[in-house]
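# Working through the structure, step by step
Listed below, chain by chain, are the residues.
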Amino acid sequence: MKKKLVILTGAGMSAESGISTFRDSGGLWDKYPVEDVATPEAFHRNPALVLEFYNIRRRELIRAKPNEGHAGIADMEKDFDVQVITQNIDNLHEQAGSTKVLHLHGELMKVRSTGDESLIYELPADKPEINMGDKCEKGYQLRPHIVWFGEAVPMITEAAELAGKADIFVIIGTSMNVYPAAGLLDYVKKNVPVYLIDPKDVNTGRYDVFHIKKGASEGVKELRQRLGDPTIGRV
Ligand code: APR
């Protein structure tokens, strides 16, 4: 049986694909205050601005391609039972070929009804936008299928269960600032090796994390070398 490799990814995973991170300098939250574009209150106050923010994000995603890190993770399915848990709303893991991807914070290319949250639609790549007046089949305004700050994170229960089943746990490109995602590490069993791939120091709250201090593409390469070599265990 293949070992279960659970990989938690954040914005840094897609940085080398040209998608902005949130909290690095010049990151998205410097340009657009969170409270203006990513909360239910913002959508209530100025829905057109919120919709435009995500329309811009979608246009950015349409231009982007998965990087070598995404590709490496998809390739690891040959040797491991790989489960990706991503905070990212892009679909670059799927584009790279990963088959098990859980999106904690929603999906950029999907929209849903404001009146019936079970009505979820995939946007076409040739018109990746919604505007005021775009409605679901029941006549309610559409909104991004995104978990905004202050909203529940419905996928967290499943994500916690998956984290609890990991034989190896990997964290890539997240500042571990946002809960409940950052708390997933608490569900990982004590004897499970934990790797972190990030060019910067990240406070994971665990002392025994092996830090590969590189960007996603190079970092995933090193991870694969380390996992493939039985003489290099936990350091
Ligand atoms: N490769 C790997 N990691 C990188 C790279 C790279 N090329 N470039 C930057 N990073 C790292 C940064 O050092 C940082 O630790 O990616 C991390 C990005 O952190 P954040 O911008 O805080 O993004 P993230 O942790 O994914 O944010 C979590 O916050 O605003 C919300 O909902 C949004 O899902 C998002 C959540």
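Predicted model, so just to flag it, every value in this text is computed and none were measured.

As a further point, take the environment of E60. With respect to the helices and strands, the residue E60 is situated in helix α5 (residues 47-63). Its relative accessible area of 15% is what places E60 among the buried residues. When the C-alpha atoms of E60 and I146 are compared, they prove to be 16 Å apart, with 86 residues separating the residues in sequence. Sequence-distant contacts of E60, that is, excluding residues within four places in its chain, are made with G18, I19 and S20.

The next subject is the site of the ligand. Near the ligand, the surroundings consist of 23 residues, among which E16, W29, T174, S175 and D198 are the closest. Contact distances for the ligand include 2.7 Å between an oxygen atom and a backbone N or O atom of R23. A distance of 3.3 Å is found between an oxygen atom of the ligand and a backbone nitrogen or oxygen belonging to G173. The fraction of the free accessible surface of the ligand (740 Å²) that becomes covered by protein chains is 92%. Among the detected pockets, the ligand sits in the largest pocket. With three residues, the single largest contributor to the shell around the ligand is helix α1 (residues 11-15). Partitioning the shell around the ligand into residue classes produces nine nonpolar, nine polar and five charged. Here the shell around the ligand gathers at least three residues from each of two domains, domain 1 (1-19 + 69-105 + 153-235) and domain 2 (21-63 + 109-146).

Turning next to the domain arrangement of the protein. You can read the domains of the protein as domain 1 (1-19 + 69-105 + 153-235) and domain 2 (21-63 + 109-146). A separation of 26 Å is found between the C-alpha centroids of domain 1 and domain 2. Domain 1 puts 14 residues into the contact, and the matching count from domain 2 is 10 residues. Taken together, both faces of the contact between domain 1 and domain 2 bury some 910 Å²; the carbon and sulfur share is 62%. For the domain 1 face of the interface with domain 2, the top three residues by lost area are A11, I19 and I89, together amounting to 43%. On the surface where domain 1 and domain 2 come into contact, there are one salt bridge. Across the salt bridge formed by D24 and K200, the nearest N and O atoms sit 2.5 Å from each other. Across the contact surface, domain 1 and domain 2 share one residue pair in polar contact (both at pLDDT 80 or more). The class makeup of the residues in the side of domain 1 that touches domain 2 is six nonpolar, six polar and two charged.

Our next topic: the packing of aromatic side chains. For the structure shown, the criterion picks out eight aromatic pairs. Relative to W148, the ring of F43 lies with its centre 5.2 Å away and its plane at 45°, an arrangement referred to as tilted. Of this pair, F43 sits in helix α4 (residues 40-45) while W148 sits in the loop between β6 (142-146) and α8 (156-164); the two residues are 105 residues apart in sequence, bridging distant segments of the chain. Look at W148 and you get buried, because its relative accessible area is 3%. Taken together, the ring pairs connect F22, W29, Y32, F43, F53, Y54, W148 and F149 into an aromatic cluster. The side chain of R57 reaches across the aromatic face of F53, ending 4.7 Å from its centre.

Under the 1.5 Å per step criterion, the end-to-end length of α5 is 25 Å for 17 residues, consistent within 8% with the ideal 24 Å. Regarding α5, the residues found buried are P47, V50, L51, F53, Y54, N55, R57, R58, E60 and L61. Against α2 (28-31), α3 (34-37), α4, α7 (92-96), β4 (106-113) and β6 lie the buried residues of α5.

Definitions and limits used
- Residues numbered from 1 in each chain as written.
- Predicted model: local features only at pLDDT ≥ 70, side-chain atom pairs only at ≥ 80, totals over all residues.
- Heavy atoms only, no water.
- Helix = DSSP H or I, 4+ residues; strand = E, 2+ residues; numbered from the N terminus.
- Buried < 20%, exposed > 50% of the residue type's maximum accessible area, 1.4 Å probe, protein only.
- Contact = heavy atoms within 4.5 Å.
- Near = heavy atom within 4 Å.
- Polar contact = N/O pair within 3.5 Å; in protein donor to acceptor, adjacent residues only side chain to side chain.
- Areas by Shrake-Rupley, 256 points an atom, 1.4 Å probe, with all protein chains shown as cover.
- 1 Å grid on protein atoms, 1.4 Å probe; cavity = no way out; pocket = protein on both sides within 12 Å on 5 of 7 lines; lining within 4 Å.
- Sits in = over half its atoms within 2 Å of the grid points.
- Nonpolar A, V, L, I, M, F, W, Y, C, P; charged D, E, K, R; others polar.
- Domains from an automatic or database assignment.
- Buried area = accessible area lost by both parts, 1.4 Å probe.
- Salt bridge = Lys/Arg side-chain N within 4 Å of Asp/Glu carboxyl O.
- Phe/Tyr/Trp six-rings, centres within 6.5 Å; stacked < 30°, edge-to-face > 60°.
- Lys NZ or Arg CZ within 6 Å of the ring centre and 35° of its normal.
- Expected span 1.5 Å × (residues − 1).

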